[in-house]
Amino acid sequence: MAIADIVTRTQTGPSRSLPATYGERPAIDGPGMAALVEWVEGIAALTQPDHIHWVDGSRAENEYLLREMVDEGKLIKLNPEWRPGSYLARSHPSDVARTEARTFIASEKEEAAGPTNNWAAPAEIRATLEGVFEGSMRGRTMYVVPFSMGAVGGPLSHIGVQVTDSAYAVASIGIMTRVGTEVVRQIADGAPWVKTVHSVGAPLEPGQQDVAWPCNDEKYIVHFPDTLEVWSFGSGYGGNAILAKKCFALRIASVIGRDEGWLAEHMLLIRVISPEGKAYHVAAAFPSACGKTNLAMLRPTIPGWRVETLGDDIAWIRPGEDGRLWAINPEAGFFGVAPGTGESTNVTAVETLWGNTIFTNVALRPDGDVWWEGLTDQAPAELIDWEGNPWTPDSGRPAAHPNSRFTVAAAQCPQIAADWDTPEGVPLDAILFGGRRATNVPLVVEATDWTHGVFLGSTISSERTAAAEGTVGELRRDPFAMLPFCGYNMADYFGHWVSIGQRLRFDRAPRIFQVNWFRKGADGRFLWPGFGDNSRVIDWIIRRVEGRVPAVDSPIGRLPRIEDLNLDGMEVSEADLEELFAIDPDSWLAEADLTEEFYDTFGDRIPSSLRAELSSLRYRLKQA
Ligand code: GTP
Ligand code: SPV
Ligand code: MN
């Protein structure tokens, strides 16, 4: 197929109206049904859509929606020979990532949101939202999407409903969550649920031609933690539009977890199987675009070790009666960063993406397949870039947007754990905190105990990535990788972490580690090869959990002895190894000053045990 043919096919076509067989409200009765119907009708009265479509989550319905989006020029169907059941969406160039500056926590009290969140007074922002949402779905269909986070009916699961005027969002939610009428039945039966409202904010006048990616320059992503509601306006992209993900499963769920005694975390979840055949469960929090999906799909380069994927972005974690922490992945799919995903870095992801995938903002090949930087070592000779323009390797700009993504069902991952969606979850043996740090932070360091681990989590900083608006590369605080995702005062969140530890059996609490795959040498190159070789760090971590290797005390925590690291078959120079673990007391004292400055932004709310950890750190650094 020639590029010209594909371009012709992407042009906007006529919109069709929905066949009567889809979209009916399910005929379910129960004490909770009236409230759901009333809510849906209230949103419809405000936003004034042409149709209301109750989504049943069926395959037929999904295929219908995808076909309609292709006809409307909103999706490009990829060549089924290479990528069956797969589509490419191109966003508006202004709508390519989460917009943190437009994300608000509308708690009754400002201090409940804390200094790291944008706070909005609930009554005021509600008035603003009513203004922008009024008539915002005119000329469009309003979809009602009932979804479950976690297996439907599971003890750690929670349900919600998203209304949206974006069919792309419906298709994405269908991959990322469990959508279905079963959820409506639970609501009808009286189960609590979270209300989420989404509009791209681009009403159509009668006869007005739609665009491929409707959105609005004005954006609001507003969370009401006191009433468990999310209202998102103006963006169709990722976490701004799939409200079950960051908005619900992190910001709102973190508040529910605070009140109910559990944790909603920005963490991947894996099962690691040692050469002896023992299974361990590891959760890891890294900021956006800092390696969660990659570690979740790790293929160890050291013989004997295996990793099974359980989740790649979010974990809900609850203390069990056995004194351990139990975790589920509440999602059902992966919304992963495309650039950098290739055979040599993450072959598991490449295999996962064989078909049934929605790609957003990647490049299109002349043969109707997709491409992005890092998929292959050599770029194809000609492409259509993410903005729809012809591209060659000499174009001097990336063909795929740095935050281009794939959306694919977790079940399609070749190394997904057979029991990945078990409702009870898995018991955690280790928790990792990491970030993107060119300097200072060693490859791995172990916390001395739970409180020290919470301290490490609270001090995570990371260089900014393209996953959110902002200056890429700039170092910022990102405690627990939750800076953009904690729905309440971060100091209280630290306190909640401390208190969770007190509910665990001391010998059964997961060990906590800090890792950094991104340390660089003076010449600017990564000192550690990363990816599959991160299994060598996991090996040491599991050996520590098993109590089979000693560790070396340092001012910042426990370090490995180099001889305990399995470095067989890898090339890393002795000088690089030394640099990977080097701790410079002066730089660390400067870090401690920055930590104190950060803590001080919370006034006297920081737990005293964390202030004590900071004092001890300084003491140890001054002794060093
Ligand atoms: P979000 O989906 O935004 O939460 O991102 P994520 O944390 O899942 O990050 P992901 O695994 O998608 O990786 C983001 C980028 O970091 C990709 O370009 C990867 O290729 C790169 N990356 C991941 N792991 C490593 C590593 O061990 N070393 C290096 N150098 N780069 C890595
Ligand atoms: C992240 O930024 O951490 C993501 C992408 O996982 S988004 O869903 O857009 O938030
Ligand atoms: Mn993420």
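Residues numbered from 1 in each chain as written. Chains lettered and ligands numbered in written order. Predicted model: local features only at pLDDT ≥ 70, side-chain atom pairs only at ≥ 80, totals over all residues. Heavy atoms only, no water.

K.L.:
Got a minute to help me understand the coordination of the manganese ion (ligand 3) in this structure?
P.N.:
When a metal carries six donors in an octahedron, the ideal angles between them are 90 or 180 degrees, while four donors in a tetrahedron ideally lie at 109.5 degrees. For the manganese ion (ligand 3), every protein donor is listed as Lys246 (NZ), His266 (NE2) and Asp313 (OD), and the spread of their distances is 1.9 to 2.6 Å. For the manganese ion (ligand 3), the six donor atoms are set out with angles of 69 to 163 degrees between them, so the coordination reads as irregular. Along the chain, the residues donating to the manganese ion (ligand 3) are arranged with the sequence spacing K-x19-H-x46-D. In this pair, Lys246 sits in helix H9 (residues 244-260) while Asp313 sits in the loop between strand S15 (306-311) and strand S16 (315-319), placing the two residues 67 residues apart along the sequence. Lys246 sits in the buried class, given a relative accessible area of 5%. (Donors = N, O, S within 2.8 Å, 3.2 Å for Na, K, Ca; no water. Tetrahedral: all angles 85-135°; square planar, octahedral: opposite > 155°, others 65-115°. Helix = DSSP H or I, 4+ residues; strand = E, 2+ residues; numbered from the N terminus. Buried < 20%, exposed > 50% of the residue type's maximum accessible area, 1.4 Å probe, protein only.)

K.L.:
Before we go on, may I ask you to explain the packing of aromatic side chains in this structure?
P.N.:
Ring pairs (aromatic) are described by centroid distance and by the angle formed between their planes. The full count for this structure, using the stated rule, is 26 aromatic pairs. Ring plane angle 80 degrees and centroid distance 6.1 Å describe the contact between Phe513 and Trp540, whose orientation is recorded as edge-to-face. Of this pair, Phe513 sits in strand S30 (residues 511-515) while Trp540 sits in helix H14 (residues 535-546), placing them 27 residues apart in sequence. Note on accessibility: Phe513 and Trp540 belong to one class, buried. Of the aromatic side chains, those joined through ring pairs into one cluster are Phe433, Trp450, Phe480, Tyr488, Tyr493, Phe494, Trp497, Phe598, Tyr599 and Phe602. In this structure, Arg126 is placed above the aromatic ring of Phe224, and the distance from its NZ or CZ to the ring centre is 4.0 Å. (Phe/Tyr/Trp six-rings, centres within 6.5 Å; stacked < 30°, edge-to-face > 60°. Lys NZ or Arg CZ within 6 Å of the ring centre and 35° of its normal.)

K.L.:
Got a minute to help me understand the sheet that holds S16 in this structure?
P.N.:
Strand pairs in the sheet, formed through backbone hydrogen bonds, run parallel or antiparallel to each other. Across the sheet, four strands lie side by side as S12-S16-S17-S25; this open sheet has antiparallel pairing. Both edges of this open sheet fall to strand S12 (263-265) and strand S25 (426-427), since each of them pairs with a single strand only. H9 rests against S12 and S16 of the sheet, and its axis sits at about 160 degrees to S12. (Pairing = 2+ DSSP bridges. Contact = heavy atoms within 4.5 Å. Axes fitted to C-alpha atoms, helices over the stretch in contact; angles between N-to-C directions.)

K.L.:
How should I be thinking about the pattern of salt bridges in this particular structure?
P.N.:
Where charged atoms of side chains with opposite charge meet at close range, the side chains can pair. Inspection of the entire model under this criterion finds 42 salt bridges. For Asp210, the salt bridge goes to Arg140, with nearest N and O atoms at 3.0 Å. In this pair, Asp210 sits in the loop between strand S9 (193-199) and strand S10 (220-224) while Arg140 sits in the loop between helix H5 (122-133) and strand S6 (141-149), placing the two residues 70 residues apart along the sequence. A relative accessible area of 14% means that Asp210 is categorised as buried. When its relative accessible area of 6% is taken as the criterion, Arg140 is described as buried. A salt bridge links Asp523 to Arg525, with the shortest nitrogen-to-oxygen separation between them at 2.7 Å. (Salt bridge = Lys/Arg side-chain N within 4 Å of Asp/Glu carboxyl O.)

K.L.:
Please clarify how the site of ligand 1 should be interpreted in this entry.
P.N.:
For ligand 1, the set of nearby residues contains 22 residues, the closest of which are Ala289, Lys292, Thr293, Asn294 and Arg405. Between ligand 1 and the protein, one listed contact pairs an oxygen atom with a side-chain N or O atom of Asn294 at 2.8 Å. A distance of 3.1 Å is found between an oxygen atom of ligand 1 and a side-chain nitrogen or oxygen belonging to Asp313. In the complex, the protein chains occlude 91% of the 650 Å² of accessible area that ligand 1 would expose alone. Using a 2 Å cut-off from the grid points, one finds that ligand 1 occupies the largest pocket. (Near = heavy atom within 4 Å. Polar contact = N/O pair within 3.5 Å; in protein donor to acceptor, adjacent residues only side chain to side chain. Areas by Shrake-Rupley, 256 points an atom, 1.4 Å probe, with all protein chains shown as cover. 1 Å grid on protein atoms, 1.4 Å probe; cavity = no way out; pocket = protein on both sides within 12 Å on 5 of 7 lines; lining within 4 Å. Sits in = over half its atoms within 2 Å of the grid points.)

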